[in-house]
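# An overview of the molecular structure
These are the residues of each chain, in order.
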Amino acid sequence: MIDETIKQNLDDIYTRIKAAAEKSGRKAEDIKLIAVTKTVEVDRIRNVSEYGVPDFGENRVQELLEKYDKFDEATKWHLIGHLQTNKVKYIIDKVHMIHSVDSFELAKEIDNRAGKTGKKMNILLQVNVSGEETKFGIRPEEVNEYVEYISRLKNLLLRGMMTIAPFADNTQEIRPIFKNLYDIFIDIKNKRIDNVSMDYLSMGMSNDFEVAIEEGANIVRIGTGIFGKRNYPQK
Ligand SMILES: *Cc1c(COP(=O)(O)O)cnc(C)c1O
């Protein structure tokens, strides 16, 4: 069953991604779209893979596991929500990248489990730039310490950083948050640390992805903008 609304939404998102990318001197192909599929039924998600979007994001382990088998190997799953250490074992051989590394314990556990699968795991450090208490993520001041620690864990590949900005009606207000993380990202990138490859800056959601791209994001995570409003609230 083809859902025309979803296809139109994707067309629209890609047009907007392209415009924002060009504003920051880049091309549409430089920006990776992750379709955030949380709470969305499998039949509706299929529209997105048929459209040619291979990257899906889920923020809960249970939901990711329920959907995982329903899609083929071309699908790349991204764990974008807070991950409890005791759940790493369930997803370690299923996800392409974990965006939400926010503690030493979690990094260590992912490293342990990845070691057993024989593959390095791509991870991003989640940084709570705004300092909002309701958000997970390490503080900007802790980034250096984390990068150093993770660079010594042999089964992890630190690929970049992720943030979630506070909700804002006027997205210009949160521009400095994206800029701040971009500066930190470039600073680490320029240090050329072994085992650390600052390729991805995952920032921007339905409400704010254009501003995020303008400030340097190259991964955007979009749910509502593709699938419409979620049926039930989910944190
Ligand atoms: C839900 C979620 C998104 C997508 O949010 P939308 O506003 O629906 O685009 C992006 N990132 C994370 C971490 C999420 O939990």
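Keep in mind the model is a prediction, meaning the values are calculated, not measured.

As a further point, take the packing of helix α6 (residues 143-151) against helix α7 (residues 175-191). Between α6 and α7, the least distance of the axes is 11 Å, while the angle of their chain directions is 40 degrees. On the basis of the axis angle, α6 is oblique to α7. Both α6 and α7 take part in a crossing whose hand is right-handed. Contacts from Val143, Asn144 and Val147 of α6 reach α7 at Ile184, Ile188 and Lys191. Considering only residue class, the contact of α6 with α7 consists of four nonpolar, one polar and one charged.

In this structure, Glu109 sits in helix α5 (residues 104-117). At 2.8 Å, the side chain of Glu109 forms a polar contact with the side chain of Arg113. Not counting the four nearest positions on each side in its chain, Glu109 is found in contact with Thr85 and Val88.

Within the largest apolar cluster, 68 residues are counted, with the highest numbers of intra-cluster contacts made by Ile98, Ile110 and Met161. Non-local contacts of Met161, meaning those with residues more than four positions away in its chain, are made with Leu124, Leu125, Val127, Val143, Leu181, Ile184, Phe185, Ile188, Met198, Tyr200, Leu201 and Ser202. Met97, Leu124, Tyr200 and Ile219 belong to the second-largest nonpolar core, a separate cluster that totals six residues.

Near the ligand the following residues occur: Val36, Lys38, Asn59, Ile80, Ile164, Met205, Ser206, Arg221, Ile222, Gly223, Thr224 and Arg230. Note that an oxygen atom of the ligand is positioned 2.9 Å from one of the backbone N or O atoms of Gly223. Between the ligand and the protein, one listed contact pairs an oxygen atom with a side-chain N or O atom of Arg230 at 2.8 Å. Across the complex, the protein chains shield 91% of the 390 Å² of accessible surface that the ligand would expose by itself. Partitioning the shell around the ligand into residue classes produces five nonpolar, four polar and three charged.

Phi at Thr39 takes a positive value of approximately 70 degrees, unusual for a residue other than glycine. Considering the arrangement of structural elements, one finds Thr39 in the loop between β1 (32-36) and α2 (42-51). Judged by relative accessible area, which is 7%, Thr39 ranks as buried. Phi is positive for Arg192, close to 45 degrees, though the residue is something other than glycine.

A few words on the packing of aromatic side chains. Within the structure shown, the criterion is met by seven aromatic pairs. A ring pair is formed by Tyr14 and Tyr51, whose centres lie 6.0 Å apart and whose planes are at 0 degrees; its orientation type is stacked. On the criterion of sequence distance, the pair formed by Tyr14 in helix α1 (residues 4-23) and Tyr51 in helix α2 is long-range, its members being 37 residues apart. With a relative accessible area of 28%, Tyr51 lands in the partly exposed category. Where Phe71 meets Trp77, the ring centres are 5.9 Å apart and the plane angle is 70 degrees; that geometry is what we call edge-to-face.

As a further point, take the environment of Leu181. With respect to the helices, strands and loops of the structure, Leu181 is situated in helix α7. Judged by its relative accessible area of 0%, Leu181 falls in the buried class. Sequence spacing of Leu181 and Asp43 is 138 residues, and the spatial spacing of their C-alpha atoms is 36 Å.

Here, UniProt's "modified residue: N6-(pyridoxal phosphate)lysine" (unreviewed entry) annotation points to Lys38. Looking at the secondary structure, you find Lys38 in the loop between β1 and α2. A relative accessible area of 12% places Lys38 in the buried class.

Conventions used here
Residues numbered from 1 in each chain as written. Predicted model: local features only at pLDDT ≥ 70, side-chain atom pairs only at ≥ 80, totals over all residues. Heavy atoms only, no water. Axes fitted to C-alpha atoms, helices over the stretch in contact; angles between N-to-C directions. Helix = DSSP H or I, 4+ residues; strand = E, 2+ residues; numbered from the N terminus. Parallel < 35°, antiparallel > 145°, perpendicular 65-115°, else oblique. Left-handed = near helix turned anticlockwise from the far one by under 90°. Contact = heavy atoms within 4.5 Å. Nonpolar A, V, L, I, M, F, W, Y, C, P; charged D, E, K, R; others polar. Polar contact = N/O pair within 3.5 Å; in protein donor to acceptor, adjacent residues only side chain to side chain. Core = buried A, V, L, I, M, F, W, Y, C linked by side-chain atoms within 4.5 Å. Buried < 20%, exposed > 50% of the residue type's maximum accessible area, 1.4 Å probe, protein only. Near = heavy atom within 4 Å. Areas by Shrake-Rupley, 256 points an atom, 1.4 Å probe, with all protein chains shown as cover. Phe/Tyr/Trp six-rings, centres within 6.5 Å; stacked < 30°, edge-to-face > 60°. UniProt positions renumbered as here; feature names shortened; annotations may be inferred.

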